[in-house]
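Examining the three-dimensional arrangement
As a plain string of letters, each chain reads:
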Amino acid sequence: LTYALSVIAIYVGNFNLGIFSMLFMFLVTLSYCSKPEEEFHVWVHANTPKSFLMKKMMIATKNSTLLTIPISLGLLIFYPAKYDLILLFLFIGILFLWTMVLAKYSAFPSEINLPEGIIIAFAVSFPPMILLIIPYFYTKSIKNLRLILNDSN
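These remarks concern the structure in this document.

About the criteria used
All residue numbers refer to positions counted from 1 along the written sequence of the respective chain. Only residues with pLDDT of at least 70 are given local features in this predicted model, and only at 80 or more are side-chain atom pairs given and counted; all residues enter the totals for whole chains, interfaces and linings. Only heavy atoms go into the side-chain values, all of them from the structure, while hydrogens and water stay out. Only DSSP runs of H or I covering at least 4 residues are called helices, and only runs of E covering at least 2 are called strands; the numbering of each starts at the N terminus. Relative accessibility under 20% of the residue-type maximum defines a buried residue, over 50% an exposed one, and the middle range a partly exposed one, all with a 1.4 Å probe and only protein chains included. Contacts are assigned to residue pairs that have any heavy atoms within 4.5 Å of one another. In this tally Asp and Glu are treated as negative and Lys and Arg as positive; neither His nor the chain ends contributes. In plain terms, the charge of a residue is placed at NZ if it is Lys, CZ if Arg, CG if Asp and CD if Glu. For a helix, the expected span equals 1.5 Å multiplied by the number of residues minus one. Think of the arc as the fan of directions from the helix axis to the C-beta atoms. Counting of polar contacts relies on pairs of N or O atoms within 3.5 Å, with two restrictions inside protein: one atom must be capable of donating a hydrogen and the other of accepting it, and residues adjacent in sequence are counted only when both atoms are side-chain atoms. Each aromatic pair joins two rings of Phe, Tyr and Trp (for Trp, the six-membered one) with centres within 6.5 Å, and gets the label stacked for planes under 30 degrees apart, edge-to-face for over 60, and tilted for any other angle.

Some words on the overall build of the protein
The number of helices and strands found in the protein is 7 helices and 0 strands. Its helices and strands taken in sequence order, the protein reads α-α-α-α-α-α-α from the N to the C terminus. Taking all 153 residues of the protein together, 40% fall into the buried category. In the protein, the share of contacts with a sequence separation of at least 24, taken over all contacts with a separation of at least 6, comes to 75%. Of the charged side chains in the protein, 10 are positive and 7 negative; the average position of the first set lies 5 Å away from that of the second.

Describing helix H6 (residues 114–125)
The first and last C-alpha atoms of H6 sit 16 Å apart over 12 residues, in line with the 16 Å expected at 1.5 Å per residue. Those residues of H6 lying buried are Glu116, Ile120 and Ala123. Down the axis, H6 shows its buried residues gathered within 55° of arc, on one side only. Turned more than 90 degrees away from the buried face of H6, the exposed residues are Leu114, Pro115, Ile118 and Ser125. Along its buried surface, H6 packs onto helix H5 (83–106) and helix H7 (130–149).

What about helix H2 (residues 15–33)?
Residue pairs spaced three or four apart in an α-helix point in one direction, given the helix's 3.6 residues per turn. Taking 1.5 Å of rise per residue, the 19 residues of H2 would be expected to cover 27 Å, and the 27 Å separating its terminal C-alpha atoms lies within 8% of that figure. Tucked into the core, H2 has its buried residues touching helix H1 (2–12), helix H4 (49–78) and H5. The distance from a side-chain oxygen at the start of H2 to the backbone nitrogen of asparagine 16 is 3.2 Å, and the residue carrying that oxygen is asparagine 14.

Remarks on the packing of aromatic side chains
Scanning the entire structure with this criterion turns up 6 aromatic pairs. When the centroid spacing of 6.0 Å and the interplanar angle of 25° are considered together, the rings of phenylalanine 20 and phenylalanine 24 count as stacked. One end of the pair, phenylalanine 20, and the other, phenylalanine 24, are both in helix H2, 4 residues apart, so they sit about a helical turn from each other. The exposure class assigned to phenylalanine 20 is partly exposed, which follows from its relative accessible area of 46%. Phenylalanine 24 sits in the partly exposed class, given a relative accessible area of 26%. Their ring planes at 45° and their centres at 5.6 Å tell us that tyrosine 105 and phenylalanine 108 sit as a pair that is tilted. On the accessibility criterion, phenylalanine 108 (2% relative accessible area) is buried. Through successive ring pairs, a cluster of aromatic residues spans Phe52, Tyr105 and Phe108.

Given below as structure tokens:
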């Protein structure tokens, strides 16, 4: 659906629809990243909480970037003058993806609760706050994962 939207956006010359299709692809990956896995699938990793989170964030970044590359390239080819906006929205999408991954593990093994949801909603309504929310979720996730990954440091 998002690829079709981006093709339609390019065909009719609607740049905003193309950006929407890219952000919609990020929304799909965000919804996937919000569901927690079972404790065993986290415990089985022989990593520290920091390396575990970095690994999960890099995997999520790689997968979502691979999904958005066709849309981004199409927009960059047909709207080269707006490359800065395209890259900005790509960067914002990745920041929200990292926020969702960190929020998931800050509430782990439960699902994301109301407090995390309110913080994420606040980040969506005021995006510059995401630069403060990411470190908050990161420290909360580290503390939470230490219990599961048996890290004493």
